[in-house]
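Given next are the chains, with one letter for each unit.
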Protein chains: 2
Amino acid sequence: MKTILLALGGNALIGEGQRGTVGEEHENARNSMEAIADLVAAGNRLVITHGNGPQAGAYLIRSERAAAFVPPLPLNSIVAATQGDIGSILSLELMNALSRRGIVKGVAVLLTQIVVDPADPSMSNPCKFVGPFFQEAEVAKLRERGWIVKEDAGRGYRRVVPSPLPLDIVEKKVIASLLEAGNVVIAAGGGGIPVRREGGELSGVDAVIDKDRASALLATLIGADELVILTGVERVMVNYRKPGERALDSLTVAEAKAYLAEGQFPGGSMGPKIEAAIDYLEKGGGRVVITSIDSCAAALEGHAGTTMTR
Amino acid sequence: MKTILLALGGNALIGEGQRGTVGEEHENARNSMEAIADLVAAGNRLVITHGNGPQAGAYLIRSERAAAFVPPLPLNSIVAATQGDIGSILSLELMNALSRRGIVKGVAVLLTQIVVDPADPSMSNPCKFVGPFFQEAEVAKLRERGWIVKEDAGRGYRRVVPSPLPLDIVEKKVIASLLEAGNVVIAAGGGGIPVRREGGELSGVDAVIDKDRASALLATLIGADELVILTGVERVMVNYRKPGERALDSLTVAEAKAYLAEGQFPGGSMGPKIEAAIDYLEKGGGRVVITSIDSCAAALEGHAGTTMTR
């Protein structure tokens, strides 16, 4: 029996041009969970992680708009809230997909807290854009609140926040034992809730963690045989939208590092996935598959997607 | 080893006159978790449930204030969000309190979904007040959105929502196995996320569940030896603020039913706790203790609080 960590992208829940209503999220989750239930039916042991970009953005807007009435939410609280909110949607749709296949299996959504270093360079030099766009006139007021606000590629001003590297997962043993007991586990949602450990005490950190980095760490810590990163494209591309554009069937760590050095993978999207994949493989991981949800089953059999190995 | 289900009231996290900032919530949780860590140190197996009244109210306000910008959240999504948000605070403070005692133990916050009957009388006749107060002038607009809005005791207009009885807990086996494996489990937060089961499929229900009722059901389903309901008072009172006022050391199910029939326990506060306690005891539960967090340890030894038995 293989243990597979499946990292779902934000597009598993909110499609292109959608607003992200609960109805839309359920419909998209239903499609994703159909494919994932097939992997359970095939006898795999599964841990599912997920992004929370659009949902966290919506919670930030809610928090902002009500800041005069109720205390605003720090980023760690927002990640925690989205673990609950998105976790419930994924869990219901997965249980339904399993039940349509006559599979009786526990589905456990576990709150996951991830240790980061308060001295991570990203803490003092935040560069992850989050939440809504603001007008230039609003910027001064936002900065008074201690926010760091930067221009985002000519589209307006946005808050930038720290995105430190994940170092350890507080609930790693609980996750391993839930898997061992035969449950499908949904964990590390939204990259995990960032916490710091100082003098033996844990406390929240107002930051976010990259969900692919968190997924790679979890895959390493639980000894997953495979890390499957689901995204919007079927295969990793090089020379994207340029002469010599090519989709990759396979990729070694050395090749991936060379492409990264060439700047082939954009920082906000494929870059962190490739870095996370390298990290998992270099720490002893078995295989990484990067593909779309629709090609997932074929990719695991080697007929689609990009397969990365050491 | 005894299994104890501890139901924390809203005041475990937000004190009288506080706004409910994350800092305040952590400080209050720290105090509660000191007492609870002592129960773990004494060798008990613990499941912790918690309310979410003020926090859910704040999420409702956030959802409302941003409704023109991002899709508003149904109540089941809000309960799910508060399971994450509050669960993280309780979990960190409990792990810290355990660590100060040199106890190494997993703390698992498990997303908990609870089955309700879509034909529950409360679904068509909602009467649980939630969220902020509105002016009379705003009521028409709120009703256009399908909300049911009623006057709340002369203090203004508020939304009323269904609060159906909990019937089954989707994650009951996962909770039991987490306990069996030696973890402290935080579950059924905010009364649990309401879902309906129809034709073998689960889906969300826009409602809330009373947290004491949900706690009693969970205590029954996992076969807890004791149900401890923590609230703002040290003992249950009869003739409260009237001639013959009396604090009760003990209470049988028959006495409790007689007091309920007399109208001794107000509907919004002690009433549901007594009803939940009766329900747990009549279904075979061992003992119920109703007391404050400060008196919890003494109450479990019979020196404080109100002890209910069959």
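Refer to the preceding data block for the structure.
Below is a summary of the structure that appears in this document. Keep in mind it's a predicted model, so treat the numbers as computed, not measured. (Residues numbered from 1 in each chain as written. Chains lettered and ligands numbered in written order. Predicted model: local features only at pLDDT ≥ 70, side-chain atom pairs only at ≥ 80, totals over all residues. Heavy atoms only, no water.)

**Regarding the sheet that holds strand β5 (residues 128–134) of chain A**
Residue and element names in this part refer to chain A. The criterion, for reference: Note: two strands are recorded as paired if DSSP finds a minimum of 2 bridges between them. Working definition: helices are DSSP H or I runs of at least four residues, strands are E runs of at least two. Numbering for both runs from the N terminus. For helices, the fitted line uses only the C-alpha atoms of the stretch in contact; every axis is such a line through C-alpha atoms, and the angle between N-to-C directions lies from 0 to 180 degrees.
Taken in spatial order, the three strands of this open sheet run β5-β7-β6, and their pairing is antiparallel. Among the strands making up the open sheet, the edge pair consists of β5 and β6 (148–151). Looking at each pair of strands side by side, their axes are set apart by 40° on average, direction ignored. Bridge count between β5 and strand β7 (residues 157–161): four bridges; the pairing is antiparallel. Across the sheet, residue F134 finds its bridge partner in β7, namely Y157.

**Considerations on the relation of the copies chain B and chain A**
To keep things clear, this is the line we draw: What sets the superposition is a least-squares fit of C-alpha atoms, and only residues with pLDDT of at least 70 in both copies go into it. The contact definition used throughout considers only heavy atoms, calling two residues in contact when any of these lie within 4.5 Å.
Here chain B sits on chain A after a turn of 180° about the axis and a move of 0.0 Å along it, with an RMSD of 0.0 Å. A rotation of that kind, with that shift, is consistent with a two-fold axis. Residues of chain B ranked by C-alpha distance from the rotation axis are headed by A81(B), positioned 1.9 Å from it. The share of interface residues of chain B whose copies in chain A are also at the interface is 100%, consistent with both copies meeting through the same surface.

**Let's talk about the packing of helix α2 (residues 53–65) of chain A against helix α2 (residues 53–65) of chain B**
As a reminder, the rule being used: Angles below 35 degrees are treated as roughly parallel, those above 145 as roughly antiparallel, those between 65 and 115 as roughly perpendicular, and all remaining angles as oblique. Each residue is assigned to one of three groups, with Ala, Val, Leu, Ile, Met, Phe, Trp, Tyr, Cys and Pro labelled nonpolar, Asp, Glu, Lys and Arg labelled charged, and all others, Gly among them, labelled polar.
Relative orientation of the contacting elements α2(A) and α2(B) amounts to 95°, with a least axis distance of 7 Å. Taken together, the axis directions place α2(A) and α2(B) in an arrangement best described as roughly perpendicular. Contacts between α2(A) and α2(B) involve Y59(A), R62(A), S63(A) and R65(A) on the former and, on the latter, Y59(B), R62(B), S63(B) and R65(B). Of the residues belonging to the contact of α2(A) with α2(B), the class tally is two nonpolar, two polar and four charged.

**Considering helix α9 (residues 270–282) of chain A**
Residues and elements named next belong to chain A. We count it as follows: Multiply 1.5 Å by the residue count of a helix minus one, and that product is the helix's expected span. Throughout, exposure labels follow a simple rule: accessible area from a 1.4 Å probe, protein chains only, divided by the maximum for the residue type, with under 20% read as buried, over 50% as exposed, and the rest as partly exposed.
Between its terminal C-alpha atoms α9 stretches 18 Å, which fits the 18 Å expected from 13 residues at 1.5 Å a residue. Within α9, ten of the 13 residues are buried, which leaves the element mostly enclosed by the surrounding structure. Those residues of α9 not exposed but buried are M270, G271, P272, K273, I274, A276, A277, I278, Y280 and L281. G284 occupies a position one or two residues after α9 and carries a positive phi of about 105°.

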